[in-house]
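One-letter residues, chain by chain:
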Amino acid sequence: MVFRFYSNTISKASRSFAAGIFIIGMVLIGFGFMIYLLPKFFATLASIVFWILGIGCGVTAVKIFLALRKVEQLNSDPSQDYRENVQIHIEERHEQ
């Protein structure tokens with residue numbers, strides 16, 4: 001007599017998971033073999049990717065620095081301590 005402590009669904013999920021891991025392993029082996037055969041191509045490709053990412057980081061940093069500069073200029077300007085055409089209305093409640 002065989003006792004099963006898991007259902008058929010768990011068995012199917014385990015097989016699917018194992019199949020996914022196997023496929024990923026085969027793809028990684030394929031990429032490794034391609035890199036072994038074409039190292040100059042992949043080195044150039046990686047260089048281009050890192051170059052583009054570096055430029056993107058630099059541009060983003062410059063944008064942040066410029067935005068911070070504008071914010072600091074607005075906060076340090078003493079003539080902007082008030083606003084024109086702004087009126088404060090206070091409702092006075094007279095209790096009787």
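Each remark here, short or long, concerns the structure printed above.
Here's what I pulled together on the structure shown here. Fair warning: this is a prediction, and the values are worked out from it, not measured in the lab. For every chain, the first residue of its written sequence is number 1, and the numbers climb from 1 along that sequence. Predicted model: local features are reported for residues with pLDDT of at least 70 only, side-chain atom pairs are reported and counted for 80 or more only, and whole-chain, interface and lining totals are derived from all residues. Computation of side-chain values covers all heavy atoms of the structure but excludes hydrogens and water.

1. Digging into the overall build of the protein chain
Link 1 in the chain: A count of helices and strands for the protein chain gives 2 helices and 0 strands.
Link 2 in the chain: The rule is simple: take the accessible area with a 1.4 Å probe, protein chains only, and divide by the maximum for that residue type; under 20% is buried, over 50% is exposed, in between is partly exposed. For the protein chain, buried positions account for 1% of its 96 residues.
Link 3 in the chain: Split by element, the accessible area of the protein chain, about 10100 Å² in all, is 66% carbon and sulfur. A helix here means a DSSP run of H or I that spans at least four residues, while a strand means a run of E at least two residues long, and both kinds are numbered starting from the N terminus. In these tables, accessible area is a Shrake-Rupley quantity obtained with a 1.4 Å probe, and a residue counts as shielded only by the protein chains included in the view.

2. Quick notes on the packing of aromatic side chains
Link 1 in the chain: Here the aromatic set is Phe, Tyr and Trp, taking the six-membered ring for Trp, and pairing holds for ring centres within 6.5 Å; pairs whose planes are under 30 degrees apart are stacked, those over 60 apart are edge-to-face, and all others are tilted. In total, this model carries 1 aromatic pair according to the counting rule given.
Link 2 in the chain: Ring centres 5.1 Å apart and planes at 75° place the aromatic pair Phe 41 and Phe 42 in the edge-to-face group.

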